[in-house]
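Observations on the model geometry
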Amino acid sequence: MTDPNCIFCKIAAGHIPSFKVFEDDVVFAFLDIGPLVTGHTLVIPKAHYPTVMETPPEVLSAINARIPALSRAVLAATGAKACHVLVNNGSEAMQSVDHLHYHILPRKPGDSFRIPWNAGTLDKASGSSLAESIKSELAR
């Protein structure tokens, strides 16, 4: 299942060149051509799924089974000691390509990339109400 208009489907199929770092029957990983940091790597399913929510569990399992080795390889190749593994789901969450992709972002002390983390507060009543609402949705 691919989308003929999807740039990541075209990359995975070899129709658009990439700096491929890994490929098997389900997963394709390559360097981001607009890296946030050196070593910024994208990990995608070869089949086209827009977000985590539309991806079958077995495909997510296959991707997640490969993330540790890919992350270790990116860290070793870049000399970094830590990384972010991020997934943006939907344009409101800053997803720019409508094909599921994980970002591996190696981190070094003093690098310039920052994720704004403006933590709010969760009061007891709001937390209780929201938790119950989520539980109710899960029970559907």
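So, the packing of aromatic side chains
- For the structure shown, the criterion picks out two aromatic pairs.
- Measuring from centroid to centroid gives 5.5 Å for phenylalanine 8 and phenylalanine 30, while their planes differ by 80°, and the two rings are edge-to-face. With a gap of 22 residues between them, phenylalanine 8 in helix α1 (residues 7–12) and phenylalanine 30 in strand β2 (residues 27–31) connect regions that are remote in the sequence.
- Its relative accessible area of 7% is what places phenylalanine 8 among the buried residues.
- A residue is classified by how much of its surface remains accessible, and phenylalanine 30, at 3% relative accessible area, is buried.
- Relative to phenylalanine 30, the ring of phenylalanine 28 has its centre 5.7 Å away and its plane inclined at 50°; by these criteria the two rings are tilted.
- Residue phenylalanine 28 is classed as buried on the basis of its relative accessible area of 3%.
- Pairwise contacts between aromatic rings join Phe8, Phe28 and Phe30 into one cluster.

Section: the sheet that holds strand β5 (residues 102–107)
- What the five strands build is an open sheet, ordered β1-β2-β3-β5-β4; its pairing is antiparallel. In this open sheet, the two strands that pair with only one neighbour each are β1 (20–23) and β4 (82–87). Going across the sheet, the axis of each strand differs from the next one's by a mean of 20°, ignoring polarity.
- In this structure, β4 lies alongside β5, joined through six bridges in antiparallel fashion. Each residue of the ladder has a partner; that of histidine 84, found in β5, is leucine 105.
- Of the strands in this sheet, β1, β2, β3 (41–45), β4 and β5 are in contact with helix α2 (residues 57–78), which crosses β5 at around 25°.

Scoring rules and cut-offs
Residues numbered from 1 in each chain as written. Predicted model: local features only at pLDDT ≥ 70, side-chain atom pairs only at ≥ 80, totals over all residues. Heavy atoms only, no water. Phe/Tyr/Trp six-rings, centres within 6.5 Å; stacked < 30°, edge-to-face > 60°. Helix = DSSP H or I, 4+ residues; strand = E, 2+ residues; numbered from the N terminus. Buried < 20%, exposed > 50% of the residue type's maximum accessible area, 1.4 Å probe, protein only. Pairing = 2+ DSSP bridges. Axes fitted to C-alpha atoms, helices over the stretch in contact; angles between N-to-C directions. Contact = heavy atoms within 4.5 Å.

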